[in-house]
Amino acid sequence: MIYLKLIWAYLKIGLFGFGGGYAMLALIENCIVGPGWITEQMFTDIVAISQMTPGPIGINSATYIGYVAPAASSPMFASPVFGILGSILCTLVVVVPSFLLTLYASHFIARHKESAVVKGVFMGLRPVVVGLIASAALLLMNSANFGSEMTDIVISVIICLISFVLVFFVKLHPILIIVMAGAAGYLIDLL
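These numbers come from a predicted model, not from an experiment. (Residues numbered from 1 in each chain as written. Predicted model: local features only at pLDDT ≥ 70, side-chain atom pairs only at ≥ 80, totals over all residues. Heavy atoms only, no water.)

Engineer: Any details on the nonpolar core? Residues and values, ideally.
Structural biologist: In this structure, Leu 6, Tyr 10, Ile 32, Trp 37, Ile 38 and Ile 65 are the most contacted members of the largest nonpolar core, which totals 28 residues. For this core, the secondary structure elements donating two or more residues are helix 1 (2-16), helix 2 (21-32), helix 3 (40-52), helix 4 (57-73), helix 5 (80-111) and helix 6 (116-140). Among the elements that make up this core, the one with the highest residue count is helix 1 (six residues). (Core = buried A, V, L, I, M, F, W, Y, C linked by side-chain atoms within 4.5 Å. Buried < 20%, exposed > 50% of the residue type's maximum accessible area, 1.4 Å probe, protein only. Helix = DSSP H or I, 4+ residues; strand = E, 2+ residues; numbered from the N terminus.)

Now the structure itself:
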């Protein structure tokens, strides 16, 4: 049944996804795109939308995937009621394990914060999180984001560089940059 598969997928994400949203992207992609619940293009769109909406990417993706996966698995589950049920289940399953682990870990760390073992664990986790974030960057460098033709890639890189300059040097508000980049992408698609 699709709900048990969704619960299992988001239980893994909730338990083993650490380091923030970008660090969890590879795990989310593996658990969600792998079974065929969504396409790689839809996953890329989820990442983009999750970054523009409030909340962490794990929770936003859980809510969205929980809604679309039942209908994608069987036409029998195409009703919005099944989608809402899936959204609620996935969101709860991804949040509750993380919440419980964080609650226990904060209590444990507060008690043993001067321990050499705890300090060593955190020292070892730092490069792992950096590696996971770098893997997310590589994961998002795909044809769904940059296109498959050289002109698409060049246009994407130009939009990225212009956005960086406008945010970092000109100090334009990031929401304005998002709107401008979306408009530029739309106009380029029309051509």
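Engineer: Which residues make up the packing of helix 3 against helix 4, and what values go with them?
Structural biologist: In a pair of packed helices, the angle between the axes and the distance between the axes together describe the arrangement. As a packed pair, helix 3 and helix 4 sit with axes 9 Å apart at the nearest point and diverge in direction by 130 degrees. When the axis of helix 3 is compared with that of helix 4, the two are oblique. At the point where helix 3 passes helix 4, the crossing takes the right-handed sense. For the pair formed by helix 3 and helix 4, the contact residues are Met 42, Ile 46, Val 47, Ser 50 and Gln 51 on the first element and Ile 57, Asn 60, Ser 61, Tyr 64 and Ile 65 on the second. Among the residues making up the contact of helix 3 with helix 4, the classes are represented as six nonpolar, four polar and no charged. (Axes fitted to C-alpha atoms, helices over the stretch in contact; angles between N-to-C directions. Parallel < 35°, antiparallel > 145°, perpendicular 65-115°, else oblique. Left-handed = near helix turned anticlockwise from the far one by under 90°. Contact = heavy atoms within 4.5 Å. Nonpolar A, V, L, I, M, F, W, Y, C, P; charged D, E, K, R; others polar.)

Engineer: So what's going on with the packing of aromatic side chains? Residues and values would help.
Structural biologist: The relation between two aromatic rings is expressed through the spacing of the ring centres and the mutual angle of the planes. Inspection of every chain in the model, using the stated rule, returns six aromatic pairs. Considering the side-chain rings of Phe 77 and Phe 82, the 5.1 Å spacing of their centres and the 80 degrees angle between planes classify their relative orientation as edge-to-face. Classification of Phe 77 as buried rests on a relative accessible area of 11%. A relative accessible area of 28% places Phe 82 in the partly exposed class. Consider the rings of Phe 168 and Phe 169, whose centres lie 5.0 Å apart with planes at 90 degrees: the pair is edge-to-face. Linked through ring pairs, Tyr 3, Phe 77 and Phe 82 together constitute an aromatic cluster. Geometry around Phe 168 places Lys 171 over its ring, the cationic atom sitting 5.3 Å from the centre. (Phe/Tyr/Trp six-rings, centres within 6.5 Å; stacked < 30°, edge-to-face > 60°. Lys NZ or Arg CZ within 6 Å of the ring centre and 35° of its normal.)

Engineer: Give a detailed account of the pattern of salt bridges, specifying residues and quantitative values.
Structural biologist: Applying the stated rule across the entire model yields one salt bridge. Across the pair Lys 119 and Glu 114 runs a salt bridge, and its minimum N-O distance is 3.5 Å. (Salt bridge = Lys/Arg side-chain N within 4 Å of Asp/Glu carboxyl O.)

Engineer: Outline the packing of helix 1 against helix 2, supporting the account with residue identities and numerical values.
Structural biologist: Relative to each other, helix 1 and helix 2 sit at 165 degrees, their axes nearing to 10 Å. Here helix 1 is positioned roughly antiparallel relative to helix 2, judged by the angle of their axes. Handedness of the helix 1/helix 2 crossing: right-handed. Seen from helix 1, the contacting residues are Ala 9, Tyr 10, Lys 12, Ile 13 and Phe 16; seen from helix 2, they are Met 24, Leu 27, Ile 28, Cys 31 and Ile 32. Its residues assigned to classes, the contact of helix 1 with helix 2 shows nine nonpolar, no polar and one charged.

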